[in-house]
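The residues making up each chain are set out below.
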Amino acid sequence: MPLILAVDDSPSMRKMVSFTLAGAGYQVVEAVDGQDAYEKAQTQHFDLVLTDQNMPRLDGLGLTRKLREHPNFKTTPILMLTTESSDLMKQAGRAAGATGWLVKPFDPARLLEVIKKVIK
Amino acid sequence: MKTSELPVRAAPLRPLTSGGPKVLAGGRISRVDELRAQPRKPGEASFFYADHHFQYDAVKVLPGEYFVSGDDVLIMTVLGSCIAACVWDGKARVGGMNHFMLPEGEDGSGRYGSYAMELLLNEMIKMGARRETMQAKIFGGGAVMAGFTTMNVGERNTKFVLDYLSTERIPVVSQDVLDIHPRKVCFFPVTGKALVKRLAHAHPEALVVEERKGNAAALAKSTAGGSVDLF
């Protein structure tokens, strides 16, 4: 059962993402911002990280950079799920080491399709 | 009388050309031209005008749009069954308004409404607001057309926004929702002051058509919502 770390500061968005992922048989751990996610990643292994960009304390790009420095997360797929849609932000995501960039609002079926494609 | 004896006027009483900056009451200079010249993101309201009644620089939020500001401006919209959420952080002195309608026959996840809410909150957070100190006032959700009531669009919208804000733990400090009236809402983002005027049923059909035209689903498409890039 693949384990997914879902990171978003919006409780509504966490609820929707968790509902979608759990419905497809994934196990989900939620984090309320990048810092919370990074702390959870210290003690647990995840098969995929799905993160928002704009969050307090540590944003999605910051989280991605920090995770990529961690030996456990060198190759873990990290997907950004955000309202940010500019090419500049996408380039920054790529440079930070993200696996993919999804623009909200998301279509649940499409999200699951992408996750299936990138998860090991 | 010789021309040299004519009284000399030191300066014209008002600019002779109409192209100069507009002056609001109290001698404040209107910044409407400046606001118009600034680049805007997709979905951000861009209809700026000088409001005569309030003597304020104002922006009109059309269906599907939002506007966030830390300036002392007036944010205005007109609602039928749509909802406008006015959210502000009095500590950061940043606030904003959206204007959304849940599309009918969708998958029921409320993602278009929640997308409109998220856009608003995200832009506020980017400008320094914090979720913990935000407050909300909500307006709209009226059953403006006879026969429209059976579909309960206004009711569904109202329930959605109340649920959403409760999940986000943002207190709703005031609301004027449901009933049968179209509403005009004026919101001052820095102070959180909101004024609502219930409008007469002049042309409710026109309002409904306008709301349909610009819903958040169309906005999502225009902002590349749902797009996927794999690196």
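Scroll up a little and you will see the structure.
About the thresholds
- Residues numbered from 1 in each chain as written.
- Chains lettered and ligands numbered in written order.
- Predicted model: local features only at pLDDT ≥ 70, side-chain atom pairs only at ≥ 80, totals over all residues.
- Heavy atoms only, no water.
- Core = buried A, V, L, I, M, F, W, Y, C linked by side-chain atoms within 4.5 Å.
- Buried < 20%, exposed > 50% of the residue type's maximum accessible area, 1.4 Å probe, protein only.
- Helix = DSSP H or I, 4+ residues; strand = E, 2+ residues; numbered from the N terminus.
- Contact = heavy atoms within 4.5 Å.
- Polar contact = N/O pair within 3.5 Å; in protein donor to acceptor, adjacent residues only side chain to side chain.
- Pairing = 2+ DSSP bridges.
- Axes fitted to C-alpha atoms, helices over the stretch in contact; angles between N-to-C directions.
- Buried area = accessible area lost by both parts, 1.4 Å probe.
- Salt bridge = Lys/Arg side-chain N within 4 Å of Asp/Glu carboxyl O.

(A) The arrangement of the nonpolar core in detail. All names here are of chain B. Val 87, Met 117, Met 124, Met 134 and Val 161 are the most contacted members of the largest nonpolar core, which totals 26 residues. In terms of residue count, the dominant contributor to this core is helix H2 (residues 111–126) (eight residues). What Met 124 contacts, discounting residues up to four positions off in sequence, is Val 68, Val 87, Trp 88, Asp 89, Val 94, Gly 95, Gly 96, Ala 129 and Met 134. Counting residues in hydrophobic clusters, the runner-up holds 22 residues, among them Val 59, Phe 67, Leu 79 and Trp 88.

(B) Geometry of the side chain of B:Glu168. With respect to the helices, strands and loops of the structure, B:Glu168 is situated in the loop between helix H3 (153–167) and strand S8 (172–177). B:Glu168 sits in the buried class, given a relative accessible area of 3%. Here A:Ser10 takes part through its side chain, which lies 2.7 Å from a polar atom of the side chain of B:Glu168. In this structure B:Glu168 touches A:Ser10, A:Pro11, A:Ser12, A:Met13, B:Leu121 and B:Arg131, once residues within four positions along its chain are discounted.

(C) Representation of the sheet that holds S8(B) within the structure. Residue and element names in this part refer to chain B. Spatial ordering of the open sheet is given by S3-S6-S5-S7-S8, a layout of five strands whose pairing is mixed. Looking at the sheet topology across the chains shown, the edges are occupied by strand S3 (66–69) and S8. Geometrically, the sheet is characterised by an average inter-axis angle of 10° between neighbouring strands, direction not taken into account. Sheet strands touched by H3: strand S5 (83–89), strand S7 (134–140) and S8. Its angle to S7, the strand with the most contacts, is close to 175°.

(D) Structural view of the interface of chain B and chain A. Contacts between the two partners involve 25 residues from chain B, matched on the other side by 32 residues from chain A. Summing the contributions of chain B and of chain A, the shared interface buries around 2,400 Å²; its carbon and sulfur component is 56%. At the boundary of chain B with chain A, the tally comes to four salt bridges. Salt-bridge contacts for A:Glu84 lead to B:Lys126; the nearest nitrogen and oxygen are separated by 2.5 Å. The tally of links between chain B and chain A comes to 10 residue pairs in polar contact (both at pLDDT 80 or more). When contributions to the side of chain B that touches chain A are tallied by element, the ones reaching two or more residues are H2, H3 and strand S11 (228–230) of chain B. With nine residues, H2(B) is the largest single contributor of residues to the side of chain B that touches chain A.

Geometric values such as these leave the question of function open.
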